[in-house]
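Chain residues, written in single-letter form:
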Amino acid sequence: MNNVQRHTAKLLAKSRNLPPLLRAFLWGALAATALPPVHLLPALLFSIPAFLRLIDSAPNWRRVAILGWFYGFGLGIAGLYWITEPVLTEAKQFWWLVPFAAPLLASAVAFYTIIPAVAARLVPAGLGRIFVFAGAWTLSNLLQQFLFTGFPWNYWGTDWAIPGYAGDIFLQPAAIFSVYGLTLLTVLLSATPLFGSRGFVVLGVCLAAWAGFGYVRLQTPESETRVNAALVQPDFAEPPSFSRPALLSNWHRLLAMSSAGIKEGANVVIWPEAASPWLLDSDAGAREQLAAVTGTTPVIAGSLRVISKSDFRNSIVVTAGPQPPLAVYDKWKLVPFGEYTPKWIPLKIIPDLVGGGFTPGTGPKTIKNIPGLTPFGAIICYEAIFSGQIIDEQDRPDWIVNITDDAWFGDTAGPRQHFADVRLRAVEEGLPIVRVANSGISAVIDPFGRVLARMPLDYRGVLVAPIPQPQPMTVYAHFGLILPACISVLCFLFGLAYGTRKSCLPKGASSI
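Residues numbered from 1 in each chain as written. Predicted model: local features only at pLDDT ≥ 70, side-chain atom pairs only at ≥ 80, totals over all residues. Heavy atoms only, no water.

Caption draft 1: How the structure looks around the side chain of Asp406. Within the fold, Asp406 resides in the loop between strand S8 (399–404) and helix H15 (413–429). Taking the relative accessible area as the measure of exposure, Asp406 reaches 1% and is therefore buried. Residues contacting Asp406, with those up to four places away along its chain left out, are Pro415, His418, Arg435, Ser439 and Gly440. (Helix = DSSP H or I, 4+ residues; strand = E, 2+ residues; numbered from the N terminus. Buried < 20%, exposed > 50% of the residue type's maximum accessible area, 1.4 Å probe, protein only. Contact = heavy atoms within 4.5 Å.)

Caption draft 2: Here's a closer look at the pairing of S8. Of all six residues in S8, six are buried, a share of seventy percent or more. Alternating positions in S8 separate into two faces, Trp399, Val401 and Ile403 on one and Ile400, Asn402 and Thr404 on the other, with burial throughout. As paired elements, strand S7 (residues 376–380) and S8 share five bridges and run parallel to each other. Counterpart to Phe376 in the pairing with S8 is Trp399. As judged from the five bridges shared by S8 and strand S9 (residues 433–437), these two strands associate in the parallel manner. Opposite Ile403, over in S9, you have Val436 as the bridge partner. (Pairing = 2+ DSSP bridges.)

Caption draft 3: The arrangement of helix H9 (residues 127–146) in detail. For H9, built from 20 residues, the straight-helix expectation of 28 Å at 1.5 Å per residue is met to within 8% by its first-to-last C-alpha distance of 30 Å. Most of H9 is tucked away, with 15 of its 20 residues classed as buried. In the stretch just after H9, Phe148 is the one whose phi turns positive, near 55°. (Expected span 1.5 Å × (residues − 1).)

Caption draft 4: Representation of the pairing of strand S11 (residues 451–455). Bridge count between strand S10 (residues 442–445) and S11: four bridges; the pairing is antiparallel. What sits directly across from Val444, in S11, is Ala453. The turn linking S10 back onto S11 is made up of five residues, and Gly449 within it adopts a positive phi angle of 85°.

Caption draft 5: Representation of unusual backbone geometry within the structure. A cis amide bond links Pro36 to the next residue, Pro37, at an omega of 5°. The peptide bond linking Gly440 to Ile441 adopts the cis configuration, its omega dihedral lying at 5°. Turning to its location among the elements, Ile441 is positioned in the loop between S9 and S10. Positive phi is not limited to glycine here, since His39 has a value of about 60°. Along the chain, His39 turns up in the loop between helix H2 (20–31) and helix H3 (43–57). Unusually for a residue other than glycine, Ser178 sits at a positive phi of about 70°. Of note, Ser178 is situated in helix H11 (residues 174–190).

Caption draft 6: Molecular detail of empty space enclosed by the protein. This model, assessed by the stated rule, comprises three cavities of 30 Å³ or more. The computed volume of the largest cavity comes to approximately 220 Å³. In terms of lining, the largest cavity is formed by 18 residues, of which the most central are Leu75, Val109, Asn141, Gln144 and Asn154. Contributing elements (two or more residues each) for the lining of the largest cavity: helix H4 (61–79), helix H8 (111–120) and H9. The dominant element in the lining of the largest cavity, judged by the number of residues it contributes, is H9, at four residues. Of the residues in the lining of the largest cavity, the class split is 11 nonpolar, seven polar and no charged. (1 Å grid on protein atoms, 1.4 Å probe; cavity = no way out; pocket = protein on both sides within 12 Å on 5 of 7 lines; lining within 4 Å. Points joined across faces, edges and corners; volume = space filled by probe spheres on them. Nonpolar A, V, L, I, M, F, W, Y, C, P; charged D, E, K, R; others polar.)

Caption draft 7: Representation of the nonpolar core. Counting 60 residues, the largest nonpolar core has Ile48, Leu52, Ile55, Tyr71, Phe133 and Trp156 as the members making the most contacts within it. Ignoring any residue separated from it by four or fewer positions in sequence, one finds Tyr71 in contact with Ala24, Phe25, Trp27, Gly28, Ala31, Ser47, Ile48, Phe51, Thr113, Trp137 and Trp156. Among the nonpolar cores identified, the runner-up in size contains 43 residues, and Ile83, Ile270, Leu373 and Ile380 belong to it. (Core = buried A, V, L, I, M, F, W, Y, C linked by side-chain atoms within 4.5 Å.)

Caption draft 8: Examining the environment of Pro86 more closely. Within the fold, Pro86 resides in helix H5 (residues 84–89). Remark: the alpha-carbon pair of Pro86 and Asn141, spanning 55 residues in sequence, is separated by 25 Å. Leaving out residues up to four positions away in the same chain, Pro86 has contacts with Trp408 and Phe409.

Caption draft 9: The environment of Val227, seen in detail. Here Val227 shows up in strand S1 (residues 224–233). Linking Val227 and Val268, residues 41 residues apart in sequence, is a C-alpha distance of 7.6 Å. Once you skip the residues sitting within four places of it in the chain, Val227 turns out to touch Asn267, Val268, Gly372, Leu373, Ala465, Pro466 and Ile467.

Caption draft 10: Seen up close, helix H14 (residues 284–294). Three or more residues of H14 are buried, namely Ala286, Arg287, Leu290, Ala291 and Thr294. The buried residues of H14 occupy an angular sector of 135° when projected down its axis, which confines them to one face. Exposed side chains of H14 directed beyond 90 degrees from the buried face belong to Glu288 and Ala292. Taking the backbone nitrogen of Gly285 as reference, a side-chain oxygen 3.1 Å away marks Asp283 as the first, capping residue of H14. Of the residues one or two after H14, Gly295 is the one with positive phi, at around 65°. (Arc of directions from axis to C-beta. Polar contact = N/O pair within 3.5 Å; in protein donor to acceptor, adjacent residues only side chain to side chain.)

Caption draft 11: Looking closely at the state of the cysteines. If you walk through the whole model with that rule in mind, you get zero disulfides. The closest cysteine sulfur to the non-disulfide-bonded Cys491 is located on Cys206, 13 Å from its own sulfur. By relative accessible area, which is 6% here, Cys491 ends up buried. (Disulfide = S-S within 2.5 Å.)

Geometric values such as these leave the question of function open.
Structure follows, in structure tokens:
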């Protein structure tokens, strides 16, 4: 046995002294260390095999479901702990929610883990079970994107968004089958220790082939447009102050930073989500002040819009001078419990700051006919996590603007996990993304997910960088979510057919 196998055997042996439900929770928490920003991927080589052993040892289906929930709860509580951070910023009003925010969210997301756990028991231990489990896990992730408003966060495919060249290489298959395909591969390969030495050989060969594909794909030469973007990261405090002196201070900071970006050669200025203290869509005076600084240079600004007394929008407003805006985009994927309360929730949770919540926009949009700019797609904050739903594929843009305000989540894993998702969207769509965040991470990302320029968290500054050229439409951009869904179904069906025929665990390897 090699060192990894020895350590695996020792860890599994020690864990057997703990109650099964506690073991499931701890193995799930260990799996969370593979997520950004830790990226401890070898943890999955322990966690997933151990979880499959627990499933096998469960006496009945009910116990399997409970084990699945506890595993998912451990994964969620360790991966989503940071969700408490915005509650702490409003502790005077929501102090009662502080100890419950992360556990409540984790407990809800944990129900999705029941699906692959129960599915795994459909077939005997062996290769078939692993394929059934991997297919069901990925299909469960797909459901998570759509059910109950959708919350596609912290998928194992994002584990590979490692900062630097290694991450660049391993993200490339996402251009074919997205974060869901990466998740499927991750689950399959993480189960290989169950097959002893042969399993580790398979793991090594597959990782080598995966890295080889990524390396070859990255040999495409980088190319840039002649457009330089000024990424304005003002680092405004959260929660914001709405006093007039504070609003004026923020406005003057934005104007000064925009001016600095133009002096450095920027052809377009981009502000983060809801950065403007004034309603640029309707405030002609604010646009005149802005134009006095930026002239006719396009400004892509995060700004709220008020349509009526009960219709408020979280928007992007594009200006180029004092005249009315050239284009607007309204966020259509709103954050549940942050920007609105879902209708199926009987309690009113959103405070009456904006009439009870925001109104969603109509969907992805390509913004055209902006002087000096090629067509671009717009996504605001939370929308970036929805793979396959971020642009209008029928009117494909040349690049994407992503504005956000992650300052609410402080210097935690949250903003870094969000940034990892954005890198994946660039690879999936084959389009560059210019991401501008209030307090970071702001960056220019090329169509291969490579970070060409960036500003870190909790930093105030202006970054001027060229916008990369787009790549041809990727396989995933062409077929969309149907492709990873079909691959996952085939994986599940193969495992079902193989597993019902016989168990395929090699001689000498331990049972799952």
